[in-house]
Structure formats: C-alpha cells, structure tokens
Amino acid sequence: MSTVGNATNIFWQELPVGKLERQKLLNQKGCVVWITGLSGSGKSTLASSLSRELYTRGKLSYVLDGDNLRHGLNKDLGFKAEDRTENIRRVGEVAKLFADAGLICIASLISPYRKDRDACREMLPDNNFIEVYMNMPLELCEERDAKGLYKLARAGKIKGFTGIDDPYEPPLNCEMEINEKDGVCPTPGDMAGEVVSYLEEKGYLHDQ
Ligand SMILES: Nc1ncnc2c1ncn2[C@@H]1O[C@H](COP(=O)(O)OP(=O)(O)OP(=O)(O)O)[C@@H](O)[C@H]1O
Ligand SMILES: [Mg+2]
C-alpha cells in the first residue's frame, strides 16, 4: 500500500542558498520545458537538439527523458493508467527540483493524460512551466515507427499503446505547439530554435 502523503510530523527545512542566488550564478532562470506528444512525434529529438543549442549558448539544461527514467527512477512502473499517472507525478516532482536548482529542465515524455500534465504545471511556482505540444499526425509517427512499437501495437502484441488503443489528450492551453508547415516537419534545429526564441523572449536566458 502506498504511504505517499501519509507521513506525519514532517517539517520544512529552510536552507541557506536560494533559487535566486543559484540563478544569479548561472545567469538564467530555472524552468521546466515539458514536451508532450505521441510516440515518434519527435520529443526526444527536440529535447536533444534544444539541450545542445542551450549548451552552445552557455545555458545549463538537463533532459528528463521518459524512456531513460523508466530504467531507474520509474523502473517499478508499467503502462496502466495509474502507473502512467505515477510516472508523470514523479517526473514532475524531479523537474520541479531541477527548476529550483536554476536549470532549464527539459522533460520529454508522452504524458498522454491532460490531468497529469496539469498536475505538474500546478507544482511549479510562478508559471515556470512551458508545455510544448508536438502536434504531429499519427500517420507520420506511425510511418516513422523508430522503435517498431506501432507495428507491434497494430498486431495486438502491445496493449494500451498511446494513439492506438490508449488515448492521447492534446493540451488545451499549451505555451507552444510544434506543427508541420505545408505538410513538412521542421528540422530538429528549427524546432529547437523556436523554443530558444520563446525562452529568450520570456527572459529565461538571463537571471533578471
Ligand atoms: N524534426 C524531425 N525531422 C525528421 N525526423 C525526425 C524529426 N523529429 C524526429 N524525427 C525522427 O522520428 C523518429 C522519432 O523521434 P523521437 O524518438 O524523437 O520521438 P519521441 O517522441 O521521443 O518518441 P517516444 O515517445 O517513442 O520516445 C526518430 O527516428 C527521429 O529521428
Ligand atoms: Mg523519446
């Protein structure tokens, strides 16, 4: 039985160095860039290209990629609805810590359920949650099928696959959407450029 939230006699320990001081050190503002979309929509590709671009500009980021986290932090979880919810909750909590550390935390996960993503947004103080929706057609993702998972899902060999027999709930009010333009997907560099421009415009790439 889960005991999360059940502990008693818990106090908050104040610590001497705060977020503002860490941000000053890094000359940037801590935030979470949450990339959501279907499998194969390009979340990890955008996360990789964005972190490289930020690094080139001297900005510290860290990628929390859904696949990688399932090797460690979330290796006890499967893909049923409650496990997906717990998966996202944990990543939201870790992302919140990274943002508090002053980093630009890039979370790339399918995160199919709106309420789970919204719960992560709620965790972040001061609206420092930038939801990026990879709005790519299912046909494109399925055609790419980089991991061969759509093929298995269509053959009924994987159950509860997002977009096939498990729902994907698109964001209603996300900060950014990456779309095809004239039927063509932007290059990874262009996608990253769009996000960097947003971060620049909103002041995240300087501490004040
Ligand atoms: N902008 C792009 N232009 C061309 N190919 C792309 C682009 N984005 C992603 N791809 C290709 O599509 C495939 C899937 O991309 P990626 O692995 O980033 O998807 P994902 O959303 O992370 O999927 P998953 O949820 O399964 O991890 C990869 O082979 C990648 O190289
Ligand atoms: Mg991925």
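Structural data are supplied above this passage.
Residues numbered from 1 in each chain as written. Chains lettered and ligands numbered in written order. Predicted model: local features only at pLDDT ≥ 70, side-chain atom pairs only at ≥ 80, totals over all residues. Heavy atoms only, no water.

> Explain the overall build of the protein chain to me, please; I cannot follow it from the model alone.
What the protein chain contains, in helices and strands, is eight helices and five strands. The helix and strand sequence of the protein chain, counted from the amino end, reads α-β-α-β-α-α-β-α-β-α-α-β-α. Since a compact globule built from 208 residues should have a radius of gyration of about 17 Å, the 18 Å found for the protein chain is in line with a globular shape. Within the protein chain, contacts between residues separated by at least 24 positions form 76% of all contacts whose residues are at least 6 apart in sequence. By element, 54% of the accessible surface of the protein chain is carried by carbon and sulfur atoms, the whole surface being about 11,800 Å². Charge separation in the protein chain, taken as the distance between the mean sites of 27 positive and 32 negative side-chain charges, equals 4 Å. (Helix = DSSP H or I, 4+ residues; strand = E, 2+ residues; numbered from the N terminus. Rg over C-alpha atoms; globule rule 2.2 N^0.38 Å. Contact = heavy atoms within 4.5 Å. Areas by Shrake-Rupley, 256 points an atom, 1.4 Å probe, with all protein chains shown as cover. Lys, Arg positive; Asp, Glu negative; His and termini not counted. Charge placed at Lys NZ, Arg CZ, Asp CG, Glu CD.)

> Quick question: what am I supposed to make of the state of the cysteines here?
In a disulfide, the sulfur atoms of two cysteines are covalently bonded to one another. Overall, the coordinates contain zero disulfides when judged by the stated rule. Free of any disulfide, Cys105 has its nearest cysteine sulfur in Cys31, 8.5 Å distant. Residue classification places Cys105 among the buried positions, given a relative accessible area of 0%. (Disulfide = S-S within 2.5 Å. Buried < 20%, exposed > 50% of the residue type's maximum accessible area, 1.4 Å probe, protein only.)

> Whenever I open this one, the layout of surface pockets confuses me. Can you help?
A volume near 690 Å³ is recorded for the largest pocket. Around the largest pocket sit 36 residues that line it, and Ser39, Gly40, Lys43, Ile110 and Lys147 are the ones nearest its centre. When the residues that make up the lining of the largest pocket are grouped by side-chain class, the tally is 14 nonpolar, 13 polar and nine charged. In this structure, the second largest pocket occupies an estimated 380 Å³ of space. In this structure, the second largest pocket is lined by 16 residues; those nearest its centre are Trp12, Arg22, Lys96, Leu97 and Asp100. (1 Å grid on protein atoms, 1.4 Å probe; cavity = no way out; pocket = protein on both sides within 12 Å on 5 of 7 lines; lining within 4 Å. Points joined across faces, edges and corners; volume = space filled by probe spheres on them. Nonpolar A, V, L, I, M, F, W, Y, C, P; charged D, E, K, R; others polar.)

> Help me understand unusual backbone geometry in this model?
Comment: phi is negative for the bulk of residues other than glycine, and the bulk of peptide bonds are trans. Non-glycine residue Asn127 carries a positive phi angle of around 60°. Of note in the backbone geometry, Asp145 takes a positive phi value of approximately 35° without being a glycine. Assignment of secondary structure puts Asp145 in the loop between α6 (138-144) and α7 (149-154).

> Explain the packing of aromatic side chains here, please?
Each pair of aromatic rings is reported with the distance of its centres and the angle of its planes. Scanning all chains against the criterion turns up four aromatic pairs. Taken together, a centroid distance of 5.0 Å and an interplanar angle of 5° make the contact between Tyr62 and Phe98 stacked. Of the two residues, Tyr62 sits in strand β2 (residues 61-65) while Phe98 sits in helix α4 (residues 81-100), which places them 36 residues apart along the sequence. Look at Phe98 and you get partly exposed, because its relative accessible area is 24%. In this structure, Arg70 packs its charged tip against the face of Phe79, placed 3.8 Å from the ring centre. (Phe/Tyr/Trp six-rings, centres within 6.5 Å; stacked < 30°, edge-to-face > 60°. Lys NZ or Arg CZ within 6 Å of the ring centre and 35° of its normal.)

Taken by themselves, the reported measurements are silent on function.
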